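Working through the structure, step by step
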Amino acid sequence: MDATPLPSPAAFVGLGTMGGPIAARLLGAGHRLVVHNRDRAKASALLSAGAAWADSPREAARAAGDGLVFVMVSDGRAVRSVVFGRRGVAAGARAGALVVNLSTIAPDESRAIGDRLRAKGLHYLEAPVGGSQEAARQGQLAVYAGGDPADLARAQPLLEKFASRVDLLGGVGLGSAMKLVNNLVTVTTVMLDAEAIALAEAMGLERERAVDLLLAGGGQSRMLANKRDAFVRREYPAQFKLSLAHKDLGLVARAAREVGAPVRLSREARRLAEQAIDDGLAEQDFAAVYEAVRRRRDGAAAPAASGGAAAPPGP
Ligand SMILES: NC(=O)c1ccc[n+]([C@@H]2O[C@H](COP(=O)([O-])OP(=O)(O)OC[C@H]3O[C@@H](n4cnc5c(N)ncnc54)[C@H](OP(=O)(O)O)[C@@H]3O)[C@@H](O)[C@H]2O)c1
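Just so you know, the residues in each chain are numbered from 1, in the order the chain's sequence is written. Only residues with pLDDT of 70 or above have their local features reported here, since the model is predicted, and side-chain atom pairs are shown and tallied only from 80 upward, although totals for entire chains, interfaces and linings are computed over all residues. Heavy atoms from the whole structure form the basis of all side-chain values; hydrogens and water molecules are not counted.

Side note on the environment of Gly 16
A run of H or I in DSSP becomes a helix once it reaches four residues, and a run of E becomes a strand once it reaches two; helices and strands are each numbered from the N terminus. Tracing the backbone through its elements, the reader meets Gly 16 in the loop between strand E1 (10–13) and helix H1 (19–28). Sequence separation between Gly 16 and Asp 39 is 23 residues, and the spatial gap between their C-alpha atoms is 9.4 Å. Pairs of residues are marked as contacts when any of their non-hydrogen atoms sit within 4.5 Å. Residues within four places of Gly 16 in sequence aside, it is in contact with Pro 21, Asn 37 and Lys 42.

Right, dumping it as structure tokens:
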């Protein structure tokens with residue numbers, strides 16, 4: 001009989017828009033995976049493809065032994081809940097296990113989580129990702145890692161199954177910092193595009209043509225290319241939920257406050273995101289801010305109800 005123990009499966013907690021395809025890449029590459037998601041229905045395709053189910057993050061971590069536990073949930077509060085909750089990862093992981101946090105959270109939140117895990121004899125690597133759901137499916141994400149190089153070396157073979165580049169930015173906190181810098185630009189860019197397109201139409205230009213000419217000129221960006229069809233069709237199936245984009249701009253503002261750096265444009269973008277959330281668009285893709293801009297544009301253009309003065313301009 002072969003006495004060599006089989007390597008433990010990796011655990012994966014959080015199977016939303018990004019976690020689902022990332023876990024599928026790991027499974028497709030031949031890694032054994034035990035998965036958990038609050039809503040079990042989102043695990044069904046992975047379970048059909050051979051992943052094992054765990055009833056809680058604790059059970060998933062227990063199955064991974066002293067191996068790797070990936071966490072991909074919405075925000076810092078959700079990470080703390082799945083890691084430190086009563087049925088959380090920390091309650092099931094064996095000493096030496098490595099928790100790899102893929103979620104976008106604040107640098108200081110990430111450092112605090114790492115400190116708590118280390119105090120329990122566990123390792124922690126932050127590895128927030130850049131790129132869309134499609135990039136996850138294609139294995140083309142970017143990983144902004146922060147932590148110990150030895151921990152990254154352990155995780156690297158798995159990270160490379162869903163990322164085309166992995167950069168270690170420094171200790172825990174710096175990976176999250178780079179992720180926020182990236183999202184300051186990507187999220188604010190899409191909001192600027194939304195305003196530009198709404199302005200183009202208001203001046204009598206045809207929307208699709210304006211979008212395509214932006215893409216053909218100096219206004220082009222990868223983000224606008226990604227959102228082209230959403231803007232043209234005015235359909236916003238969630239790739240990156242507006243609520244999460246708003247969360248990230250909040251994290252940018254918080255991080256910038258701590259170091260005294262000005263982020264005026266992303267502050268305005270966050271206000272626009274808030275208006276769109278007030279309009280009921282939180283669960284749609286964040287390109288739906290275009291609808292919020294249009295509503296305010298059209299409201300601003302309408303004659304004032306009384307007094308004869310024009311309504312104030314939109315955002
Ligand atoms: N979408 C993108 O393009 C993109 C790109 C890069 C980075 N990110 C970041 O990646 C993370 C995940 O984003 P996503 O787009 O995959 O979000 P999503 O589709 O909204 O999925 C969120 C996941 O978090 C889980 N969750 C939320 N709150 C929880 C809680 N309190 N306890 C346990 N589980 C909880 C959800 O579980 P349920 O399914 O049970 O609700 C779901 O698995 C976020 O930090 C986001 O900022 C997203």
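Having put the structure on the table, let's press on.
Focus: helix H3 (residues 57–64)
The rule is simple: take the accessible area with a 1.4 Å probe, protein chains only, and divide by the maximum for that residue type; under 20% is buried, over 50% is exposed, in between is partly exposed. Buried residues of H3: Pro 57, Ala 60, Ala 61 and Ala 64, and no others. For H3, the buried positions fall inside an angular range of 95° around the axis, keeping them on one side. Looking at the packing, one finds that the buried side of H3 touches E1, strand E2 (33–36), strand E4 (68–71), helix H4 (76–84) and helix H5 (89–92). Throughout, the arc means that of the directions going from the helix axis to the C-beta atoms.

Re a nonpolar patch on the surface
Exposure above 30% relative accessible area and the lack of any salt bridge qualify a residue for a patch; like charges then connect within 9 Å, and the nonpolar side chains Val, Leu, Ile, Met, Phe, Trp and Tyr within 5 Å. In this description, accessible areas are obtained by the Shrake-Rupley approach with a 1.4 Å probe, and a residue is regarded as covered only by the protein chains that are shown. Salt bridges are defined as contacts in which a side-chain nitrogen from Lys or Arg sits within 4 Å of a carboxyl oxygen from Asp or Glu. Together, Leu 169, Leu 174, Met 178 and Val 181 make up an exposed nonpolar region whose accessible area comes to about 310 Å². With respect to the helices and strands, Met 178 occurs in helix H9 (residues 174–202). With a relative accessible area of 31%, Met 178 lands in the partly exposed category.

Focus: the domain arrangement of the protein
Reported domain spans reflect what an automatic or database domain assignment gives. Structurally, the protein comprises domain 1 (10–171) and domain 2 (177–301). Contact residues are listed per partner, giving 15 residues for domain 1 and 13 residues for domain 2. Here's the idea: put two parts together, see how much 1.4 Å probe accessible area each one loses, and the total over both is what we call buried area. Here domain 1 meets domain 2 over a buried area of about 1200 Å², counting both sides, of which 58% is carbon and sulfur. By the criterion of area lost to domain 2, the three top residues of domain 1 are Thr 104, Pro 107 and Tyr 144, representing 37% of everything that side buries. Run the count over domain 1 and domain 2 and you get one salt bridge. Pairing of N or O atoms within 3.5 Å defines a polar contact, subject to two protein rules: one partner must be a possible hydrogen donor and the other a possible acceptor, and residues neighboring in sequence count only if both atoms are side-chain atoms. Our count for the contact surface shared by domain 1 and domain 2 stands at five residue pairs in polar contact (both at pLDDT 80 or more). Those elements that place two or more of their residues in the side of domain 1 that touches domain 2 are helix H6 (107–119) and strand E7 (129–130). Here the element with the most residues in the side of domain 1 that touches domain 2 is H6; it accounts for three residues. The residue makeup of the side of domain 1 that touches domain 2, split by class, is seven nonpolar, five polar and three charged. Residues are sorted three ways: Asp, Glu, Lys and Arg are charged, Ala, Val, Leu, Ile, Met, Phe, Trp, Tyr, Cys and Pro are nonpolar, and all the rest, Gly among them, are polar.

Overview of the sheet that holds E7
One requirement defines pairing of two strands: DSSP has to find at least two bridges between them. If you walk across this open sheet you meet the three strands as E7-E8-E9, and the pairing is mixed. A strand with exactly one partner marks an edge of an open sheet, and here the two such strands are E7 and strand E9 (163–168). Here strand E8 (residues 141–145) pairs with E9 via five bridges, running parallel. Note that in E9 the partner of Tyr 144 across the bridge is Asp 167. Along the sheet, helix H8 (residues 149–159) contacts E8 and E9; its crossing angle with E9, the most-contacted strand, is approximately 175°. Lines fitted to C-alpha atoms define the axes here, with helix axes fitted over just the stretch in contact, and angles between the N-to-C directions of these axes take values from 0 to 180 degrees.

Regarding the sheet that holds strand E3 (residues 52–53)
For sheets, the rule is that strands pair by backbone hydrogen bonds, running either parallel or antiparallel. Spatially, E3-E2-E1-E4-E5-E6 is the arrangement adopted by the six strands of the open sheet, whose pairing is parallel. Two strands lie at the open edges of the sheet, namely E3 and strand E6 (123–126), each paired on one side alone.

What to know about the packing of aromatic side chains
Centre distance within 6.5 Å is the pairing criterion for rings of Phe, Tyr and Trp, where only the six-membered ring of Trp is used; planes under 30 degrees apart are then read as stacked, over 60 as edge-to-face, and the remainder as tilted. In this structure the tally under the stated criterion is four aromatic pairs. Ring plane angle 20° and centroid distance 5.7 Å describe the contact between Phe 12 and Phe 70, whose orientation is recorded as stacked. On the criterion of sequence distance, the pair formed by Phe 12 in strand E1 and Phe 70 in strand E4 is long-range, its members being 58 residues apart. Phe 12 sits in the buried class, given a relative accessible area of 0%. An aromatic cluster is built from Phe 12, Phe 70 and Phe 162, whose rings are joined through pairwise contacts.

Things to note about the nonpolar core
Counting residues in each nonpolar core, the largest one holds 34 residues, and the members touching the most others are Phe 12, Phe 70, Val 100, Leu 102, Leu 159 and Phe 162. Non-local contacts of Phe 70, meaning those with residues more than four positions away in its chain, are made with Ala 10, Ala 11, Phe 12, Val 13, Leu 26, Val 100, Leu 102, Leu 158, Leu 159 and Phe 162. Among the nonpolar cores identified, the runner-up in size contains 28 residues, and Met 223, Leu 249, Ala 273 and Ala 276 belong to it. Only buried residues count toward a nonpolar core, which is a set of Ala, Val, Leu, Ile, Met, Phe, Trp, Tyr and Cys residues joined through side-chain atoms within 4.5 Å.

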